[in-house]
Amino acid sequence: MNRINTIIKLLQNEFPGFEPQPAKADPLDVLIATKLSQNTTDKTSYRAFTNLKNDFRNWDEVMDASPASIRKAIRVCGLVNTKTADIKNLLKQMNKKYGKLSLKFLEKLDDKSIYEELLQYKGIGVKTISCVLAFSLGRDVLPVDTHVHRVMNRLGIVKTSAPEKTFEHANLLIPKGKKFLFHTLLIRFGRKICRSANPLCGKCSLYDLCEFKDKENYALKSNAEPKENNFIILEHI
Ligand code: SF4
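Residues numbered from 1 in each chain as written. Predicted model: local features only at pLDDT ≥ 70, side-chain atom pairs only at ≥ 80, totals over all residues. Heavy atoms only, no water.

Caption draft 1: The domain arrangement of the protein chain, seen in detail. The domains assigned to the protein chain are domain 1 (3-18 + 142-226) and domain 2 (27-135). Here domain 1 and domain 2 have C-alpha centroids that lie 28 Å from each other. Of the roughly 570 Å² buried between domain 1 and domain 2, counting both surfaces, carbon and sulfur atoms make up 77%. For the domain 1 face of the interface with domain 2, the top three residues by lost area are P143, F167 and F180, together amounting to 63%. Taken together, domain 1 and domain 2 are joined by one salt bridge. The partner of D42 in a salt bridge is R191, with the nearest N and O atoms 3.4 Å apart. Connecting domain 1 to domain 2 are one residue pair in polar contact (both at pLDDT 80 or more). In terms of residue count, the dominant contributor to the side of domain 1 that touches domain 2 is helix α11 (residues 179-192) (three residues). Residues that form the side of domain 1 that touches domain 2 fall into these classes: four nonpolar, one polar and two charged. (Domains from an automatic or database assignment. Buried area = accessible area lost by both parts, 1.4 Å probe. Salt bridge = Lys/Arg side-chain N within 4 Å of Asp/Glu carboxyl O. Polar contact = N/O pair within 3.5 Å; in protein donor to acceptor, adjacent residues only side chain to side chain. Helix = DSSP H or I, 4+ residues; strand = E, 2+ residues; numbered from the N terminus. Nonpolar A, V, L, I, M, F, W, Y, C, P; charged D, E, K, R; others polar.)

Written out as structure tokens, the structure is:
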């Protein structure tokens, strides 16, 4: 078994019974939810997303709504001025280009065409598009956020300075059919064990495989109990 497959197996053992949720969300919902989740927790951004859905009947109403009413709906998730302006702008641009607010047509496009199509919008990057591909369209991609970037670098799977670079390398390195699974496992593992501050190296089942230079130091300080935090907004919309 090669190293990546061994890592995937060990991660699956860390979360017994876990299976990635099948993609079911609407692509435009995923885009908006991903924007709301920037710089805040998944639980908070989920509340903002649900408020938007409850306060407005559809994305057309959000597009035409006053900024104050959108800010009120999403105020729990921070950066409300920027997020309100970005969401309204995005909806207006899409409505102008497609004549309606729907991204269902993406289902018929291949991955490369979807990246090209959505990258033309200000404020939409590769990570957000990867989330649409994975959580809405059922494509086998590996969205790279800060958790995924950090854990992959500590393990030594990649040696990169930014999530965008990790994305480029990871999508070549991870076996086909396992990219989305790997993403969902790494997010959970990055929150529970390989945390940004004070990783629990002393309680880590990947310790022997890991190339993190400070793992011995952190192993001596791993007194905290691992806490699971498995709420992922895109699995709930
Ligand atoms: S040994 Fe430490 S740094 Fe390496 S994967 Fe485990 S928790 Fe992360």
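Caption draft 2: Focus on the pattern of salt bridges. Per the stated rule, a full pass over the model turns up 15 salt bridges. A salt bridge links E14 to K192; its shortest N-O distance comes to 3.0 Å. Placement of the pair is E14 in helix α1 (residues 3-14) and K192 in helix α11, with a sequence separation of 178 residues. Across the pair, exposure class does not vary: E14 and K192 are buried alike. (Buried < 20%, exposed > 50% of the residue type's maximum accessible area, 1.4 Å probe, protein only.)

Caption draft 3: Spotlight on the packing of helix α2 (residues 27-36) against helix α3 (residues 42-55). Closest axis-to-axis distance for the α2/α3 pair is 9 Å, and the angle between their directions is 135°. As the angle between them shows, α2 and α3 are arranged oblique. Crossing of α2 over α3 shows right-handed handedness. The segment α2 lies against α3, with D29, I32, A33 and L36 engaging S45, A48, F49, L52 and K53. Classifying every residue of the contact of α2 with α3 gives six nonpolar, one polar and two charged. (Axes fitted to C-alpha atoms, helices over the stretch in contact; angles between N-to-C directions. Parallel < 35°, antiparallel > 145°, perpendicular 65-115°, else oblique. Left-handed = near helix turned anticlockwise from the far one by under 90°. Contact = heavy atoms within 4.5 Å.)

Caption draft 4: Focus on the environment of M152. Assignment of secondary structure puts M152 in helix α9 (residues 146-155). Residue classification places M152 among the buried residues on the basis of a relative accessible area of 0%. Distance in space between the C-alpha atoms of M152 and C204 is 14 Å, their sequence separation being 52 residues. With residues up to four places along the chain from it excluded, the contact list for M152 reads I157, V158, T166, A170, I174, F182 and L186.

Caption draft 5: Summary view of empty space enclosed by the protein. Applying the stated rule across the entire model yields two cavities of 30 Å³ or more. Residue composition of the lining of the largest cavity, grouped by class: 12 nonpolar, no polar and two charged. For the second largest cavity, the calculated volume is near 70 Å³. Together, Q21, P22, A23, K24, A25, F135, L234, E235 and I237 line the second largest cavity. (1 Å grid on protein atoms, 1.4 Å probe; cavity = no way out; pocket = protein on both sides within 12 Å on 5 of 7 lines; lining within 4 Å. Points joined across faces, edges and corners; volume = space filled by probe spheres on them.)

Caption draft 6: A look at the packing of aromatic side chains. Within the structure shown, the criterion is met by seven aromatic pairs. Their ring planes at 85° and their centres at 5.0 Å tell us that F135 and F180 sit as a pair that is edge-to-face. You can see F135 sitting in helix α8 (residues 126-135) and its partner F180 sitting in helix α11, a full 45 residues away along the chain. Among the residues examined, F135 registers a relative accessible area of 5% and is labelled buried. Accessibility expressed as a relative area gives 11% for F180, which makes it buried. A connected cluster of aromatic rings, assembled from ring pairs, spans Y98, F105 and Y121. Between R154 and the ring centre of F212, over which it is positioned, the NZ or CZ distance is 4.9 Å. Across from the ring centre of Y218, 4.9 Å away, lies the NZ or CZ of K221, which sits over that ring. (Phe/Tyr/Trp six-rings, centres within 6.5 Å; stacked < 30°, edge-to-face > 60°. Lys NZ or Arg CZ within 6 Å of the ring centre and 35° of its normal.)

Caption draft 7: Examining the layout of surface pockets more closely. One number sums up the size of the largest pocket: a volume of about 750 Å³. Listing elements by their share of the lining of the largest pocket, those giving two or more residues are α3, α8, α9, α10 (163-173) and α11. With five residues, α8 is the single largest residue contributor to the lining of the largest pocket. The residue makeup of the lining of the largest pocket, split by class, is 11 nonpolar, 12 polar and six charged. Residue contributions to the lining of the largest pocket reach at least three from each of two domains, namely domain 1 (3-18 + 142-226) and domain 2 (27-135).

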